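# Structural features, examined
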Amino acid sequence: MKKIAIAGAGFSGAVIARELAERGHRVDVFETRPHVAGNCHTERDRQTGVLVHVYGPHIFHTSDERVWAYIRRFDEFMPFVNRVKAHARGGVYSLPVNLMTINQLFGRQFSPQEARDFVTKLADQSITEPRSFEEQALRFVGREIYETFFRGYTRKQWGMEPAELPASILKRLPVRFNYDDNYYASKYQGIPRHGYSYIVERILDHPGVTLHMPARFNREMARDYGHVFYSGPIDAWFGHAEGRLGYRTLDFEVLREKGDYQGNPVINYCDESVPWTRIAEHKHFAPWEEQEQSVIYREHSRFCGPEDTPYYPIRLVNDKALLERYVAKAKAEPNVTFIGRLGTYRYLDMHITIGEALASADRFALAREKDEPMPAFCIDPLT
Ligand code: UDP
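Attention here is on the structure that accompanies the text. As the structure is a computational prediction, the values presented were derived from the model and not from experiment.

The rules behind the values
Residues numbered from 1 in each chain as written. Predicted model: local features only at pLDDT ≥ 70, side-chain atom pairs only at ≥ 80, totals over all residues. Heavy atoms only, no water. 1 Å grid on protein atoms, 1.4 Å probe; cavity = no way out; pocket = protein on both sides within 12 Å on 5 of 7 lines; lining within 4 Å. Points joined across faces, edges and corners; volume = space filled by probe spheres on them. Nonpolar A, V, L, I, M, F, W, Y, C, P; charged D, E, K, R; others polar. Helix = DSSP H or I, 4+ residues; strand = E, 2+ residues; numbered from the N terminus. Buried < 20%, exposed > 50% of the residue type's maximum accessible area, 1.4 Å probe, protein only. Contact = heavy atoms within 4.5 Å. Pairing = 2+ DSSP bridges. Axes fitted to C-alpha atoms, helices over the stretch in contact; angles between N-to-C directions. Parallel < 35°, antiparallel > 145°, perpendicular 65-115°, else oblique. Near = heavy atom within 4 Å. Polar contact = N/O pair within 3.5 Å; in protein donor to acceptor, adjacent residues only side chain to side chain. Areas by Shrake-Rupley, 256 points an atom, 1.4 Å probe, with all protein chains shown as cover.

## With respect to the layout of surface pockets
Considering only enclosed or pocket space, the second largest pocket measures out at about 290 Å³ in volume. What lines the second largest pocket is Trp158, Pro166, Ser168, Ile169, Arg172, Pro313, Ile314, Arg315, Lys320, Arg346, Tyr347 and Thr383. The class makeup of the residues in the lining of the second largest pocket is six nonpolar, two polar and four charged.

As structure tokens, then:
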């Protein structure tokens, strides 16, 4: 049986490697960076001892029983509920927009029903089918809430007008008419005691898996393997022959201080007059540890150049047209499956990535059992 190659040791690649190794395959994993876990990478800051989310905040949440059971095989998950605050127009508000936020912003004492009626009056009812981020916001919360919390933040985060962005980005955030300020609506939530890189190292720790790191996997190497799972950028696999897909990247201004800098893990800065989008204070992601010192990241977003680390796929109309061409090329490529955020050019949370990786490994086992070809994608990237 020929070996399997996996390009990338993020969650997608690691989970597939482990699943295939447990089914008796020999797997080579190639990672270009000097660490595993992709953008979920965590490491202890040498100067302070704080466990840092090196590529920005990652809070694990899921409602998927299989994913939750799977991930807890590799580390203990510590209780954590993401409660984000917003600096906006001279005040500090509760996020996601909830009854506290509405009462704070309008100086009222609304009950849930009163707040619902009030926001319904603010909302632009003339928009029946919101086609953009801006229309989605105006349709559901109206101009004042939109301009206070979403407009400036989104312009900084995406570098373009909310009227040009898809409504799907805003659909990530709930609006609640009660005092629930949990950022996520998932059934389970937590942060691994030893961090995400520890988890990925443990996932890869199997006699059937060999990790090559740092090592680049290229197209020519594919012929030595029975199948390739590729979690790098789909356009890079084809040498950017059709052009580059657009991403946002992040820069972090790192501060180290004594004590408690902001009293919360994440504070968003919604005003455009402030250059950063949010500030993360990493020790608050591990409240079970006692740290005197603090590491603070001020997060700045910008367009991702060829040498930068891609974070968020932009997926505007022109990107989608380009993606269509790469998807067609990928479907013509034998024995390669494109996986994960970069391989499928989608804005994916960790739990979705892990769920899809488990499903891809199942799909591979089925294809081998039935002696059928493994598809280029287990999920259509164009949907
Ligand atoms: N968003 C916003 N104001 C906020 C938080 C989020 O306008 O205070 C918008 C923004 O466009 C962002 C999107 O909602 O990109 C999704 O937010 P989320 O917090 O899920 O972003 P992530 O943590 O993935 O960067």
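## Section: the environment of isoleucine 354
Its location among the elements puts isoleucine 354 in helix H11 (residues 350-370). On the basis of relative accessible area, isoleucine 354 is assigned to the buried category, the value being 0%. The spacing of isoleucine 354 and valine 15 is 339 residues in sequence and 6.8 Å in space, taken between C-alpha atoms. With residues near it in sequence (within four places) discarded, isoleucine 354 still touches Phe11, Val15, Phe60, Val67, Tyr70 and Ile71.

## Re the sheet that holds strand E13 (residues 266-269)
Read across the sheet, seven strands follow the order E8-E7-E13-E14-E15-E12-E16 without closing on themselves; strand pairing throughout is mixed. Pairing within the sheet leaves two strands with one partner each, and these edge strands are strand E8 (91-94) and strand E16 (312-313). Pairing geometry for strand E14 (residues 278-281) and strand E15 (residues 293-303), over four bridges, is antiparallel. Counted as the bridge partner of arginine 278 is glutamate 299 from E15. Each of strand E7 (85-88), E8, strand E12 (247-258), E13, E14, E15 and E16 is contacted by helix H6 (residues 142-158), which is oriented at about 105° to E12, the strand it contacts most.

## Here's the deal with empty space enclosed by the protein
Throughout the structure, instances matching the rule amount to one cavity of 30 Å³ or more. Ranked by the residues each element gives to the lining of the largest cavity, the list is headed by H11, at four residues. Class assignment for the residues of the lining of the largest cavity results in six nonpolar, six polar and two charged.

## Some words on the packing of helix H3 (residues 99-106) against H6
Running from amino to carboxyl end, H3 crosses H6 at an angle of 100°, the nearest separation of the two axes being 12 Å. What the angle tells us is that H3 and H6 run roughly perpendicular. Taken together, the residues of H6 that come into contact with H3 (itself represented by Thr101, Ile102, Leu105 and Phe106) are Glu144, Ile145, Thr148 and Phe149. When the residues that make up the contact of H3 with H6 are grouped by side-chain class, the tally is five nonpolar, two polar and one charged.

## Structural notes on the site of the ligand
Near the ligand, the surroundings consist of 17 residues, among which Thr154, Tyr183, Asn268, Tyr312 and Tyr347 are the closest. Separating an oxygen atom of the ligand from a side-chain N or O atom of tryptophan 158 is a distance of 2.9 Å. Look at the ligand: alone it shows 520 Å² of surface, and the protein chains cover 94% of it. Sort the elements by how many residues they give to the shell around the ligand and H6 lands first, with six residues. Residue composition of the shell around the ligand, by class: twelve nonpolar, three polar and two charged.

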